[in-house]
Structures are given as structure tokens and as C-alpha cells.
Amino acid sequence: MNPYVRKLFDIARKETRLVVGLMSGTSLDGLDVALCEITGTGQATKLKLLHFETVAYEEGIRNEIRRIFAKREIDFQQFCLLNPSLALRHADMVLSCLNAWGVRPEAVDLIASHGQTVFHAPARQHQETGYSNATLQIGDGDHLAVKTGIITISDFRQKHIAAGGEGAPLAVYGDYILFSSPDENRILLNIGGIANFTLLPGTSGVSGVLTSDTGPGNVLMDAFARHFFEQPYDEDGQIAMKGRVHPELLAHLKKNPFFDAPLPKTTGPELFNPDYLRQAQLRSGATSVMPDDLMATLTRFTAESIAETIGKAVTQGETYSIYVSGGGANNPFLLKQLRELVAWPVYPFQLLGYSGDAKEAILFALLANETVAGETIEFGESKQVPAVSLGKISFPG
């Protein structure tokens, strides 16, 4: 028997596994590295976050990714080179974190790597006849495994698509396992580049779970902050706070078939990008809006699209608690807007026992744990949540 197959078998039989979860989102700010101690599987899972760090990308790495990110026409050689190169950089970041934490790589059972999404193309968005949903992440798992010496689970989104999903959002699996509660209807809202949520009804169990993207999270605000203010994002919403919402522009930003499509649905910066904003400005006659007003309008656009999408998912008359994670959770002005638009309390995700910044990396560690040692979860009538194990397994040798 291949010794790595034997090792994987032994890992699957362990009571507790040490897993490094990795996440790099559409904001391109860096690599989230979460060292997790995971006991059990499925609803019996217990996860302890031992260490967490976001390793910032150098601007050169960001620029390399942006050359191919969410673009239909790219330098294909650049794409081909970046796939292994980014994986090796991620491997160095993992090894550096482990060294700083005093953890030997040999002590780690698994790496769970989401990779870097470079294109997301659900069928409803690409509308190409004869083609199904598609998505693509780079940061090759084999390179990660060989460089670190740790068995790596990666490329989680492809099985989801193969089984009929859109490849996102994948947080629902871990959200249900770790955070569902019979005592509370919960909405776990993640405001990253794109905003998404998981609805966890307290009484209906797994069959009532729903997950969906809502539209732009920080992606347009961040792009605008870089372009006009030479800063990576609108820190604390200070720019938007000074401006006023432009009603006509906001109305045209919300005029897109995505917002009328039934739930669940996914999207990405392939749709919500600076050109999307420019087209809305042209249609609304808002080409000379002042920068502060434009940021205020984009912030309101994110808040309203989140609130309106969640409003379509909930059961009228029920009470919910919203727990917010992601970069947008650190924007108090955005959260103020959101609280004005929803009827339920909005809490920081930390109240559920984990860092909101670490949430996605934690959930991919949990997915790897389920791939190796768990069983599939049947979500019943829930759409776009196929009962499958996710991820490809890469051995170090």
C-alpha cells in the first residue's frame, strides 16, 4: 500500500486531527492561515482555533493576480505560471506561521486550501448555450503538499459544481455543523468582496438551511477607494460617511437580472466591477458625482442588496439574529446602514466563539476534516447544497 494512503487512513481514524485552513478571498488582501484542532465529524464536531494570522500579500503579488483576476481575456502564460507560483508562496506562508507558532510541520495532519478564485461563471451569468456552471481557483494543491510535506486537500468547489451546485457559497457545510442552534434562527452573513449568507432555522433543521450570495460586498467600494483615494479600502466607512447617497445612481446600480433571480444564486467581480459602476453612471446621468457621494452610494448599494436578498429568504413573522463576519464587518458605517434596513439584531460573529476574520479559513479546515473522516450531509430540499464530500487530495510524494 502507498505509505501516504496508509497515513491518510490513520489520520481518518484519529480522534483528533490538526488541520491548517487557508483562505484567500476576492479582496486579495492576503492569506488567512488558521491552525485548528478538530475532534469528531458531522454534528459531533468540536473545533478549537489554536492560532490564526492573516499574512498580507505584497503589492507585487496582488498585481500579478489582478492581471488575470475576473477577466475574460488574459495572458494565458501568466495564468499558467501563477498557478504553481502562488501555491509555493502559500506554502512558505504556512511554514513561516507554523515556525512562529512553535508547531512542527510533521505534527500537522492536513492542509485545507481554498486557493485563489480567479474566475466565477455560474450558468445564469455566462449564458453560454451548452455550458454549465463553472469556477476556477489557482494555487495548486500538489505544490503545497510537496513544499510543506503535509497532505493537502484543495479545489473544493469542483465537486459542488459536478453535483449540480454553483461552486459557492461553501461555508454552509461548516455553518450548519458548527453554528446551527435549536434555540435561535440564525443568519450568518459574510461581507467579503461578494456578500453571502447562510440561513440556519432553529426548528426545521437541515432541510430548512439556505445559502446564497446577495451581490457586492466590499468589491466596488474597495476598487473605488484604490482608484480615487489611493487606499485599499474605506477604513471605518470614513469616506462614505462624508457623502450623500445619489438616488438615481443607486436605483440603476440595483437594475440587474441578478437581483431578480430566485434564491439561491452566486456571483462575483466578473459582474460587479468598475465597468458595472460606469454603466450605471451613464444610464443614470451621474457621471459627475462627487467622490464622497459615490462612496456613500456604493455603501448603501451593498447594504440594500444584502437586506433585500435576506428579506426574500426569511419566513415572515419569525425572529432572526444576524451574525456578521468578513471585511465588511469592520466597517461601522456599512453596519449602521444595514441595521437601518433589517428588522433583527445584527451581532459581530465573535459572539459565536470564533474570530470573524478567521471564519472562512476555519470552515475550510472543517471541510477537509469531513472529506477525510466524515460522511456526507443530506440537506434534503435545500437547493444548491449537494450532499457530497469536497476537495481533491494531494500527497507530498
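Everything discussed here concerns the structure shown above.
Computed from a predicted model, the values in this text were never measured in an experiment. (Residues numbered from 1 in each chain as written. Predicted model: local features only at pLDDT ≥ 70, side-chain atom pairs only at ≥ 80, totals over all residues. Heavy atoms only, no water.)

K.L.:
An account of the environment of Ile194 is requested, with residue identities and associated values reported.
P.N.:
Note on placement: Ile194 falls in strand E8 (residues 194-200). You can call Ile194 buried: its relative accessible area is 10%. Taking the C-alpha atoms as reference points, Ile194 and Thr319, 125 residues apart in sequence, are found 25 Å from one another. If we skip the residues at most four places from it in the chain, Ile194 touches Thr26, Asp213, Gly215, Pro216, Gly217, Val219, Thr267, Gly268 and Pro269. (Helix = DSSP H or I, 4+ residues; strand = E, 2+ residues; numbered from the N terminus. Buried < 20%, exposed > 50% of the residue type's maximum accessible area, 1.4 Å probe, protein only. Contact = heavy atoms within 4.5 Å.)

K.L.:
Now, about the pattern of salt bridges: what can you tell me, with residues and values included?
P.N.:
When their charged atoms lie close together, side chains carrying opposite charge are able to pair. For the structure shown, the criterion picks out 17 salt bridges. For Arg72, the salt bridge is made with Glu128, and the minimal N-O distance between the two is 3.9 Å. Of this pair, Arg72 sits in the loop between helix H2 (59-66) and helix H3 (76-101) while Glu128 is found in the loop between helix H4 (123-126) and strand E5 (134-138), placing the two residues 56 residues apart along the sequence. Overall, the relative accessible area of 74% leaves Arg72 in the exposed class. Accessibility expressed as a relative area gives 41% for Glu128, which makes it partly exposed. For Lys392, the salt bridge goes to Asp155, with nearest N and O atoms at 2.8 Å. Note that Lys392 is positioned in strand E12 (residues 392-394) and Asp155 in the loop between strand E6 (152-154) and helix H6 (157-162), a separation of 237 residues in sequence. Exposure remark for Lys392: the relative accessible area of 42% places this residue in the partly exposed category. What makes Asp155 partly exposed here is its relative accessible area of 23%. Ionic contacts of the salt-bridge type, sharing partners, join the residues Lys254, Arg300, Glu304, Glu308, Lys336 and Glu340 into one network. (Salt bridge = Lys/Arg side-chain N within 4 Å of Asp/Glu carboxyl O.)

K.L.:
Describe the pairing of strand E3 (residues 46-56), with residues and values.
P.N.:
Strand direction decides the pairing type here: strand E2 (residues 30-39) and E3, joined by 10 bridges, are antiparallel. Residue pairing in the sheet places Val33 in a bridge with Glu53 of E3. Connecting E2 to the antiparallel partner E3 that follows it, the hairpin turn spans 6 residues, and Gly40 within it adopts a positive phi of roughly 75 degrees. (Pairing = 2+ DSSP bridges.)

K.L.:
Just give me the short version of helix H5 (residues 141-148), but keep the residues and values in it.
P.N.:
For H5, the complete set of buried residues consists of Gly141, Leu144, Ala145 and Thr148. Seen along its axis, H5 keeps its buried residues to an arc of 95 degrees; they face one direction. On its buried face, H5 is in contact with strand E1 (16-24), H3, strand E4 (110-121), E6 and E12. Phi for Gly149, located one or two positions after H5, is positive at around 75 degrees. (Arc of directions from axis to C-beta.)

K.L.:
I'd like a rundown of the sheet that holds strand E9 (residues 210-216), residues and numbers included.
P.N.:
If you trace the 5 strands from one edge of the open sheet to the other, you get E9-E8-E7-E10-E11, paired in mixed fashion. Looking at strand neighbours, the two that pair on one side only are E9 and strand E11 (346-348), the edges of this open sheet. Each neighbouring strand pair of the sheet contributes to a mean axis angle of 25 degrees, computed without reference to strand direction. In this structure, E8 lies alongside E9, joined through 6 bridges in antiparallel fashion. Residue pairing across strands places Leu199 opposite Leu210, the latter belonging to E9. Taken strand by strand, helix H7 (residues 171-179) contacts strand E7 (186-191), E8 and E9, and its axis lies near 40 degrees from that of E8. (Axes fitted to C-alpha atoms, helices over the stretch in contact; angles between N-to-C directions.)

K.L.:
I'd like a description of the side chain of Thr266, backed by residues and values.
P.N.:
Along the chain, Thr266 turns up in the loop between helix H11 (257-260) and helix H12 (274-284). Residue Thr266 is classed as buried on the basis of its relative accessible area of 2%. Here the side chain of Thr266 touches His120 through a polar contact of 2.9 Å, side chain to side chain. Reaching out from Thr266, the side chain makes a polar contact with the side chain of Glu166 at a distance of 2.4 Å. Among residues more than four places away in sequence, those in contact with Thr266 are His120, Pro122, Arg124, Gln125, Glu166, Ala168, Pro169, Asp213 and Phe258. (Polar contact = N/O pair within 3.5 Å; in protein donor to acceptor, adjacent residues only side chain to side chain.)

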